Amino acid sequence: QVQPVESGGGAVQAGGSLRLSCAAAGYIHSTSTYCMGWFRQAPGNEREGVARINSYGVTSYADSVEGRFTISKDNAKNTLYLEMNSLKPEDTAKYFCAARLNTPTCSFRNLKTFGYWGQGTQVTVSS
């Protein structure tokens, strides 16, 4: 029950790019079944889903990031990634990696189904 660990956050100007990483402690590999996602939370806002990917490689994105963000995984490195391009000030938030194990399906609507959460990494986009 090792929690994911996020890294790669920082400050960037609008229009720039960042790549977030999530060390998933061995549960991202070719023989496991899971759904993993990136979430974000800005001050005063509820935590919202950004992107998700399951053990079969099926992805889904929030409308607000569609076409700008790409979620991917490296099974050999047990790592989840979020490539963020064309960043906007409204992307500023703390970004969290989360995992739901033993199923390939998940939904942004029920955060409680993601049993493993990282501590988050801050992304700040300046105008």
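Nothing here was measured: the structure is a model prediction, and the numbers come from that model.

Caption draft 1: Structural view of the overall build of the protein chain. For the protein chain, the helix and strand inventory stands at zero helices and 11 strands. Listing the helices and strands of the protein chain from first to last along the sequence gives β-β-β-β-β-β-β-β-β-β-β. Compactness check: the protein chain gives a C-alpha radius of gyration of 14 Å against a globular reference of 14 Å for 127 residues, within 12% of the reference. With respect to the principal axes defined by its C-alpha atoms, the protein chain has extents near 45 × 30 × 25 Å. Considering the protein chain as a whole, with its 127 residues, one finds that 44% of them fall into the buried category. Sequence-distant contacts in the protein chain: of pairs separated by 6 or more residues, those separated by 24 or more amount to 60%. Accessible surface, the protein chain as shown: approximately 6400 Å² in total, 45% of it carbon and sulfur.

Caption draft 2: Quick peek at the side chain of Asn-54. Tracing the backbone shows Asn-54 in strand 5 (residues 48-54). We classify Asn-54 as buried; its relative accessible area is 9%. In terms of polar contacts, Asn-54 uses its side chain to reach the backbone amide nitrogen of Val-58, at 3.0 Å. Engagement of the side chain of Asn-54 in a polar contact is seen with the backbone oxygen of Pro-104, the distance being 2.9 Å. Beyond its immediate chain neighbours, meaning those up to four positions away, Asn-54 contacts Tyr-34, Cys-35, Lys-73 and Pro-104.

Caption draft 3: Here's a closer look at the state of the cysteines. The final tally for this structure, using the stated rule, is two disulfides. In this model Cys-22 forms its disulfide with Cys-97; the gap between the sulfur atoms is 2.1 Å. Between Cys-22 and Cys-97 the disulfide shows an S-S torsion of about -70°. By sign, it is left-handed. Taken as a pair, Cys-22 in strand 3 (residues 18-23) and Cys-97 in strand 9 (residues 93-101) lie far apart in primary sequence, 75 residues in all. Cys-22 gets classed as buried once you look at its relative accessible area, which sits at 0%. Residue pairing for Cys-35: its cysteine sulfur links by disulfide to Cys-106, the two sulfurs lying 1.8 Å apart. Here Cys-106 lies in the loop between strand 9 and strand 10 (116-117) and Cys-35 lies in strand 4 (residues 34-41), a separation of 71 residues in the sequence. Numbered by position along the chain, the disulfide-linked cysteines of the protein chain connect as 1-3, 2-4.

Caption draft 4: Spatial organisation of the nonpolar core. Residues Met-36, Trp-38, Leu-80, Leu-82, Met-84 and Tyr-95 are the most contacted members of the largest nonpolar core, which totals 29 residues. Looking at this core, the elements that each hand over two or more residues are strand 3, strand 4, strand 5, strand 7 (69-74), strand 8 (79-84), strand 9 and strand 11 (121-126). Of all the elements, strand 9 adds the most residues to this core, at four residues. Not counting chain neighbours up to four residues away, the residues in contact with Met-84 comprise Gly-16, Ser-17, Leu-18, Leu-20, Arg-68, Phe-69, Tyr-95 and Val-123. Counting residues in each nonpolar core, the second largest holds eight residues, with Cys-35, Phe-39, Cys-106 and Trp-117 among its members.

About the cut-offs
Residues numbered from 1 in each chain as written. Predicted model: local features only at pLDDT ≥ 70, side-chain atom pairs only at ≥ 80, totals over all residues. Heavy atoms only, no water. Helix = DSSP H or I, 4+ residues; strand = E, 2+ residues; numbered from the N terminus. Rg over C-alpha atoms; globule rule 2.2 N^0.38 Å. Buried < 20%, exposed > 50% of the residue type's maximum accessible area, 1.4 Å probe, protein only. Contact = heavy atoms within 4.5 Å. Areas by Shrake-Rupley, 256 points an atom, 1.4 Å probe, with all protein chains shown as cover. Polar contact = N/O pair within 3.5 Å; in protein donor to acceptor, adjacent residues only side chain to side chain. Disulfide = S-S within 2.5 Å. Core = buried A, V, L, I, M, F, W, Y, C linked by side-chain atoms within 4.5 Å.

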